[in-house]
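Notes for the structure review
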Amino acid sequence: MKKILASLILLSISFGYFVQAQSPVSLGDLKKVSVKDASLDLFTTNGNAKVTIYSPSVFRIRIVKSDFAKDFSYAVVGTPVQCKVDVKQNNNDITVSTDSVILKISRKPVRFTFTTHDGRVLNEDDQAMGTQWIGENISTYKKLQDGEKFIGLGEKTGNLDRRGSAYENWNRDFPDYRAVDDPLYATIPFYMGIHHGLTYGIFFDNSYKSRFNFGASNNRFSSFEADAGEMNYYFIGNTSVAGIIKSYTDLTGRMEMPPLWSLGYQQCRWSYFPEKMVLNVAKTFRDKKIPCDVIYLDIHYMDAYKVFTFNPERFSKPKEMVDELHGMGFHLATIIDPGVKVEKGYNAYEDGLKKDVFIKYPDNTNYTAQVWPGWCHFPDFSNPDTRKWWGENFKVLTDAGVEGFWNDMNEIASWGQATPLNIQFNYDGQKANYRQIKNMYGMQMARSTFEGTKKLMNGRRPLVITRSGYAGLQRYTSIWTGDNGANEENMLLGVRLVNSLGLSGVAFTGYDVGGFVGDKSPALFNRWISLGTFCPFFRAHATYDSRSAEPWAFGESAEAINRRYIQFRYRMLPYIYSSFFEASQTGLPVARSLAINYTNDEKIFYAAYQNQYLFGPSFLVAPVESSKDFLKVYLPAGNKWYDLYTDKIFEGGEETVVPSDLTHLPVFVKGGSIIPIQSVVQNTTEKPDETLEIHVFNDEKSGKFVYYEDDGTTYQNKTGNFLKRTLSFDARKKSLMLGKTEGSFSSRYNKVKIIFHGFGLLSKVKSPIGDINTTSENLHLVSSDYGNYAVLSVVLPLTNNEISLNW
């Protein structure tokens, strides 16, 4: 009996401990505060918190149970800047003020509230819950504001407004995903909240498996949590979405200028082999006058799928093949996977063993899993020595002339999809397991690829692409949205994924045009090509057991439509390249959700209009299924809008029905825009016509555009070898100004043709070469599928000096 009683007592005690361990524990009350410069240390009844002011608009909050770990992040490269900070304390709370934001910290319990200077709440903790632990799990609960919307969070499916949805971050290989599937391949734990005309951002820099709840299954809170680690988030307060993106990319970095050729059309398939097929595809592009710059080799170029090799039968003379491709104006990109085949005598394997670069089990043996080559070891990209080793191994590819490097399977993907959580990583000397590293593995692989190939390419820019990544990936790589399906739903989803990545600081993004998995119809491929024309990363792809995805593969009629859109892509390159320059300077994406420019316009969040976006600052694109010949679009208020094909003018704030057959993806130009375009070329090594066209679209509002050129291939732009000038349209003064150039680069163009849209019959234009009267020789006839229209054009010498026109 005593034994039974003792057992019951022990059981009740154990159960009590279990309940206690699983009960939520909040941060508690403030016991002590220490203030030093722009930092506050808070000591509470159940933990510690640290507040650091990074800038007037960026506050960092760190919360732990006991001691803070070493401050280390692969995502954040920004550091605090000196700014004015005012700290005031009373018995109830502590107030921290900058020029932009006020943080109020209550003492009992410790809760954080961010406000504007006029007292409006930007974001506040849920008063009862705040930040809590359940075991290792740590969560922060924020009070839902009336009408609050949520945007961003990177590569996430669902609606533009995330309200009512929940998401998980745990990067995974997910072929043929659908519009409601989550998670996908990449983790960017950064979102923005919008309410009452206010905006803010939160970046939760914790790489463990994390979850975000934006009012899913409740009407009380939004929250973000992680399975372990610190509550480590950056609050960003700004008056605009664009300003928040700028502040976020101040923290996580911005992209470098990509090679110009990577902005042209790119052709891929699983797989092009042997060499003869690759060359035949290239020659067909040139014979059919369809512009193209890049051809990809998928896994079949390798010897038994072993990385850093060429198949000796299929690609016996890779350098000669690449030289021939270069002679036709093509660049070659090859796929690269992280798995290194376990095979005696194989150089990468033997050298990797010797230099001890692979992921380990806790007993210090190398982790092994099966992928394409069979059993493989996997590099530990969190080890600086491994990153260097990996980069050096690309020499076999760069020596052959390869310039694009396509990082795949880096979630980590393997057969079975059950990578053990206990495998060990160096984590730049700090040691970690897979729970903490998984979401960052792909980013660190892309980093290793970028840093290595950049060193090997003798001052030329590599193209790096990744499938998986983490916040900050934009510093090293572009990203595509993985193995999408060949269907209408996935086509439109791809647009939203790209736009959401853009909201999350990643400008160089794209999807597989046509869809990777499954057969595509001619109509679907036509529509997808037209959308890809207005996508930052423009690549068609197809799986091995599906129909080819070359622009001519669907018949002559489809080929003609594809050719016309791809040609227009090349005409837009001066505009596109300049938009990428803006991304490199401010973090603003090239494909821009309308939430950036029209944040408080309710209609842009409607299901019917949420796919619409701006391509650069001027083109509004309205995606539509291939089966629809007409589409209802919404053109936001504030400017006139011009039909790209007809110059027909629409007033802003209108919903209107427009043609959307396969020859006519609905695209509009914002009034006040200035758009530089060039003549059609077959590839970016081909010199365009000497005349740069600058199209000016009339409006009551003025407009500006920063035009940018450099050599497109090297890093000499960083030492001044670039050309930059501001183009300004002043609606009130009725003038167009081409500002004086900056930089030492000589433009590709020596003439400029100014083309006026929507100005009516101007009687006279005053220019540096004298007054130009409106005559028939100045009327520029534009032909389109929907008729012809005339616009006034003026041709002038293009010099580096200021050029002014008035009318």
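Sequence order sets the numbering: in each chain, residues are counted from 1 along the sequence as written. In keeping with the predicted nature of the model, local features appear solely for residues at pLDDT of at least 70, side-chain atom pairs appear and are counted solely at 80 or more, and the whole-chain, interface and lining totals rest on all residues. Side-chain figures throughout are based on the complete set of non-hydrogen atoms in the structure, without hydrogens or water.

Observations regarding the overall build of the chain
The helix count covers DSSP runs of H or I at least four residues long, the strand count covers runs of E at least two residues long, and both are numbered beginning at the N terminus. In terms of regular secondary structure, the chain is built from 13 helices and 53 strands. With C-alpha atoms as the basis for the radius of gyration, the globule rule is written as 2.2 Å multiplied by the number of residues raised to the power 0.38. Against the globule reference of 28 Å for 807 residues, the chain gives a C-alpha radius of gyration of 28 Å, in line with a compact fold. Principal-axis analysis of the C-alpha atoms places the extent of the chain at approximately 110 × 70 × 50 Å. A 1.4 Å probe rolled over the protein chains alone gives each residue an accessible area, and that area as a share of the maximum for its type sets the label: buried under 20%, exposed over 50%, partly exposed in between. The buried share of the chain, reckoned over its 807 residues, is 63%. If you take every contact in the chain between residues at least 6 apart in sequence, the share linking residues at least 24 apart comes to 69%. Contacts are residue-level and defined by heavy atoms, with any inter-residue pair within 4.5 Å sufficient.

Considerations on the packing of aromatic side chains
In this description, an aromatic ring pair is defined by two values, namely the gap between the centres and the angle between the planes. Only Phe, Tyr and Trp rings are paired, with Trp represented by its six-membered ring, and only when their centres lie within 6.5 Å; those with planes under 30 degrees apart are stacked, over 60 edge-to-face, the remainder tilted. Here the structure, examined in full by the defined rule, presents 70 aromatic pairs. On the numbers, 6.4 Å between centres and 65° between planes, the contact of W170 with Y434 is edge-to-face. Of this pair, W170 sits in the loop between strand 14 (166-169) and strand 15 (186-187) while Y434 sits in helix 8 (residues 434-456), and the two are 264 residues apart along the sequence. Accessibility assignment for this pair places W170 and Y434 in one class, buried. Here F759 and W807 contribute two aromatic rings whose centre-to-centre distance is 5.3 Å and whose plane-to-plane angle is 85°, an arrangement assigned as edge-to-face. Note that F759 is positioned in the loop between strand 48 (751-757) and strand 49 (764-767) and W807 in the segment after strand 53 (803-806), a separation of 48 residues in sequence. By relative accessible area, F759 is classed as buried at 13%. A network of ring pairs unites the aromatic residues F59, F114, F150, Y191, Y200, F204, F212, F214, F224, Y233 and F235 as a single cluster. Positioned over the ring face of F43 is K32, at 5.5 Å from the centre of the ring. Comment: the charge-over-ring label is applied if NZ (Lys) or CZ (Arg) is within 6 Å of the ring centre and within 35 degrees of the ring normal. A cation over a ring is seen here: R539 above W480, with NZ or CZ 5.2 Å from the ring centre.

Describing the nonpolar core
Residues L325, F534, F615 and F619 are the most contacted members of the largest nonpolar core, which totals 209 residues. If we skip the residues at most four places from it in the chain, F619 touches F534, F568, M572, Y575, Y613, L614, L644, V667, F668, V669 and I675. To define a nonpolar core, start from buried Ala, Val, Leu, Ile, Met, Phe, Trp, Tyr and Cys residues and group those joined through side-chain atoms within 4.5 Å. The next biggest cluster of nonpolar side chains, apart from the first, holds 39 residues, and it includes I53, I105, Y191 and Y200.

Notes on the pattern of salt bridges
Definition used for salt bridges: Asp or Glu carboxyl oxygen within 4 Å of a side-chain nitrogen of Lys or Arg. Here the structure, examined in full by the defined rule, presents 47 salt bridges. With a shortest N-O distance of 3.4 Å, E559 and K288 are connected by a salt bridge. Of this pair, E559 sits in helix 11 (residues 556-571) while K288 sits in the loop between helix 3 (275-287) and strand 22 (294-297), placing them 271 residues apart in sequence. Residue E559 is classed as buried on the basis of its relative accessible area, which comes to 9%. Among the ionic pairs, K306 bridges to E343, the shortest N-O distance being 2.8 Å. Taken as a pair, K306 in the loop between strand 22 and helix 4 (318-327) and E343 in the loop between strand 24 (340-341) and helix 5 (347-355) lie far apart in primary sequence, 37 residues in all. According to the relative accessible area criterion, E343 is partly exposed, its value standing at 27%. One salt-bridge network, in which partners are shared between bridges, spans D173, D408, E411, R467 and D483.

Some points on the sheet that holds strand 14
Note: two strands are recorded as paired if DSSP finds a minimum of 2 bridges between them. Read across the sheet, six strands follow the order 1-11-12-19-18-14 without closing on themselves; strand pairing throughout is antiparallel. Edge positions in the open sheet fall to strand 1 (25-26) and strand 14, since each of these has one partner strand only. In the sheet, strand 18 (residues 210-214) pairs with strand 19 (residues 221-226) via five bridges, with the strands oriented antiparallel. Bridged to S210 within strand 19 is A226.

Things to note about the sheet that holds strand 42 (residues 667-670)
If you walk across this open sheet you meet the six strands as 35-36-37-42-39-40, and the pairing is antiparallel. At either end of the open sheet lies a strand with only one pairing partner, and these are strand 35 (591-593) and strand 40 (649-651). The mean inter-strand angle of the sheet, taken between neighbouring strand axes irrespective of direction, is 35°. For strand 39 (residues 640-643) and strand 40, the ladder comprises three bridges, and the chain directions are antiparallel. Residue W641 lies in a different strand from strand 40, and its bridge partner there is F650. Working convention: axes come from line fits to C-alpha atoms, limited for helices to the stretch in contact. Angles between N-to-C directions cover 0 to 180 degrees. The strands that helix 9 (residues 488-503) touches are strand 35 and strand 36 (613-615); relative to strand 35, the one it contacts most, it runs at about 90°.

Points about the environment of Y570
Here Y570 shows up in helix 11. Classification of Y570 by relative accessible area gives buried; the value is 0%. For the pair formed by Y570 and Y265, sequence separation is 305 residues and the distance between their alpha carbons is 8.3 Å. Setting aside anything within four residues of it in sequence, one finds Y570 in contact with G264, Y265, P291, C292, D293, Q678, S679, V681, Q682, N683 and T684. A distance of 2.7 Å separates the side chain of Y570 from the side chain of D293, its partner in a polar contact. Here a polar contact means two N or O atoms within 3.5 Å. Within protein one must be a hydrogen donor candidate and the other an acceptor candidate, and residues neighboring in sequence count only if both atoms are side-chain atoms.

Here we look at the side chain of D173
Tracing the chain through its elements places D173 in the loop between strand 14 and strand 15. D173 sits in the buried class, given a relative accessible area of 18%. Of note is the side chain of D173, whose polar atom sits 3.3 Å from the side chain of Q417. Each residue touching D173, except ones within four places of it in the same chain, is listed here: Y185, E411, A413, Q417, R467 and D483.

Quick word on helix 10 (residues 522-532)
Side chains of residues three or four places apart in an α-helix project in the same direction, reflecting 3.6 residues per turn. When you tally the buried positions in helix 10, you get nine out of eleven residues, the bulk of the element. Every buried residue belonging to helix 10 is among L524, F525, N526, R527, W528, I529, S530, L531 and G532, and all of these are buried.

Concerning unusual backbone geometry
Residues K108 and P109 are joined by a peptide bond in cis, for which omega reads -10°. Structurally, P109 can be placed in the loop between strand 8 (102-106) and strand 9 (111-115). The peptide bond linking W270 to S271 adopts the cis configuration, its omega dihedral lying at 5°. Within the chain, A304 stands out as a residue other than glycine whose phi angle is a positive 55°. Mapped onto the elements of the fold, A304 is located in the loop between strand 22 and helix 4. By relative accessible area, which is 38% here, A304 ends up partly exposed.

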